[in-house]
Amino acid sequence: FDPFPSSCALAISSAMTRAILLFPILLAIAVLTGCGPRANIDPVVVDPDVGRALPILMGTTRAIEAPGRYSKTERGALSYARIVVSIPPSHQGGSVEVAGRQPDPSTEFVVRSTQQIGSSESFRTELRRVFRANPDANNEAIVFIHGFNNTVGDGVFRLAQIDNDLTLEGVPIHYSWPSAANPLGYVRDRDSALFARHGLSQLLDDIAAAGGQEIILMAHSMGSFLTMETLAWMSQNGNHPGFDRISGIVL
C-alpha cells in the first residue's frame, strides 16, 4: 500500500511550489499594508461646528511615554484616559478615514483632546459621571478590544466609527493592549495579548465597581484571543464582579 501515490505527491509538490512563489507577494502586501496612513491621537484644533465630537474612555496597558503619548513597544501598568474623537461630516459608514500627519477634520477622523485619568478610582468616578450624564445608556458599557497590528489611534477611531454608525446607546470604552503595530510582528503581538489579560480583567472589574450593570465585549482578530483568555482566567480565579456583568460577546 502506497500512502502517497504519485498523483498525490505531484499535487503536494505543486501546492508547495505555489506557496513558495506566493510568499514574497504576501510578504510585500503585508509590508505595504503597514506603510499606509496610521491613526494617531495627537490632538488637533477643530472648529466646534465641524463634525461630531465623541468622547471615548480608554484603559491601556501600553507604557506611557508622556501625557497623551504611548509607547509602541513597551508594556506598562493599566492606565486610563479620556479621548474626544472628531468624526468628519463627510464620513461614510463603515470607513475610518485617516490621512496621516496633516489630517483635515472636515474629511478625516482626528482627536480633539486627550486627558489622562490617574487611577482606577479616578476612572470609576469619571465613568459614574458619564453614566449619570447619559441616562439612555442604562448603565451599559461597550468595551472594544482591538486586534493585531494596531496603534492606539487605530483602535480608538474604529470604536468611534462603530459607535457612530450603529448609534449605540452604551458608553464606549476602548481597551488598548500593547500591539507593536507592525505587520510582521505577529508573535510579539500574541505575547503582548497574553500579557494584557490582567489589565482587561481589571478594566472590567472597574466598570462594574463604577455601576456598570451590563458589559458588552466587542473583540476583533487577536483581540478575540485576548478576550477569551481573559474570561477563562477570570472564571478560574473567581471574585471578579466584572465577569458577572458581561451580557454579550461579539468576536
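Reading the values: the criteria
Residues numbered from 1 in each chain as written. Predicted model: local features only at pLDDT ≥ 70, side-chain atom pairs only at ≥ 80, totals over all residues. Heavy atoms only, no water. Pairing = 2+ DSSP bridges. Helix = DSSP H or I, 4+ residues; strand = E, 2+ residues; numbered from the N terminus. Axes fitted to C-alpha atoms, helices over the stretch in contact; angles between N-to-C directions. Contact = heavy atoms within 4.5 Å. Salt bridge = Lys/Arg side-chain N within 4 Å of Asp/Glu carboxyl O. Buried < 20%, exposed > 50% of the residue type's maximum accessible area, 1.4 Å probe, protein only. Patch = residues over 30% accessible without salt bridge, like charges linked within 9 Å, V, L, I, M, F, W, Y side chains within 5 Å. Areas by Shrake-Rupley, 256 points an atom, 1.4 Å probe, with all protein chains shown as cover. Polar contact = N/O pair within 3.5 Å; in protein donor to acceptor, adjacent residues only side chain to side chain. Parallel < 35°, antiparallel > 145°, perpendicular 65-115°, else oblique. Left-handed = near helix turned anticlockwise from the far one by under 90°. Expected span 1.5 Å × (residues − 1). Arc of directions from axis to C-beta.

Undergrad: Explain the sheet that holds strand 7 (residues 246-250) residue by residue, including any values.
TA: Here we have seven strands laid out as an open sheet, ordered 3-2-1-5-4-6-7, and mixed in their pairing. Sheet topology places strand 3 (110-117) and strand 7 at the edges, where each strand pairs with a single neighbour. Direction aside, neighbouring strands of the sheet carry axes that sit 25° apart on average. Judged from the six bridges that link them, strand 4 (residues 140-145) and strand 6 (residues 214-219) form a sheet pairing that is parallel. Bridge pairing in strand 6 places Ala141 opposite Ile215. Strand contacts of helix 3 (residues 152-166): strand 1 (52-66), strand 2 (69-87), strand 3, strand 4, strand 5 (171-176) and strand 6, with the helix running at about 155° to strand 1, the strand carrying the most contacts. Against the sheet, helix 4 (residues 186-195) touches strand 1 and strand 2, its axis set at about 85° to strand 2.

Undergrad: Which residues make up the pattern of salt bridges, and what values do they have?
TA: As a working rule, side chains carrying opposite charge can pair if their charged atoms are close by. Throughout the structure, instances matching the rule amount to ten salt bridges. Where Arg128 meets Glu121, a salt bridge forms, and the shortest distance between an N and an O atom there is 3.6 Å. Glu121 gets classed as partly exposed once you look at its relative accessible area, which sits at 42%. For the salt bridge of Arg197 with Glu229, the shortest nitrogen-to-oxygen distance reads 3.5 Å.

Undergrad: Let's hear about a nonpolar patch on the surface: which residues, and what values?
TA: Residues Met228, Ile249 and Leu251 make up a contiguous nonpolar surface patch of about 280 Å² in total accessible area. Judged by its relative accessible area of 41%, Ile249 falls in the partly exposed class.

Undergrad: Break down the side chain of His174 for me, with residues and values.
TA: Here His174 lies in strand 5. The class of His174 is buried, set by a relative accessible area of 0%. Of the polar contacts made by the side chain of His174, one reaches the backbone oxygen of Phe144; its length is 3.1 Å.

Undergrad: Quick rundown of the environment of Asn164? Include the residues and the values.
TA: Its place among the elements puts Asn164 in helix 3. Spatially, the C-alpha atom of Asn164 lies 9.9 Å from that of His91, the residues being 73 residues apart in sequence. Sequence-distant contacts of Asn164, that is, excluding residues within four places in its chain, are made with Arg52, Ile87 and His91.

Undergrad: Tell me about the packing of helix 2 (residues 120-133) against helix 5 (residues 197-209), residues and numbers included.
TA: In the contact formed by helix 2 and helix 5, the axes pass within 9 Å of each other and the chain directions differ by 50°. Considered as vectors, helix 2 and helix 5 are oriented oblique to each other. In this structure, the crossing between helix 2 and helix 5 has a hand that is right-handed. Along its contact with helix 2, which presents Ser120, Phe123, Arg124, Leu127 and Arg128, the element helix 5 presents Gln202, Leu203, Asp206, Ile207 and Ala209.

Undergrad: An account of helix 2 is requested, with residue identities and associated values reported.
TA: Between its terminal C-alpha atoms helix 2 stretches 20 Å, which fits the 20 Å expected from 14 residues at 1.5 Å a residue. Along helix 2, the positions that sit buried rather than exposed are Phe123, Glu126, Leu127, Val130 and Phe131. What you see down the axis of helix 2 is that its buried residues fit within an arc of 140°, all on one side. Turned more than 90 degrees away from the buried face of helix 2, the exposed residues are Arg132 and Ala133.

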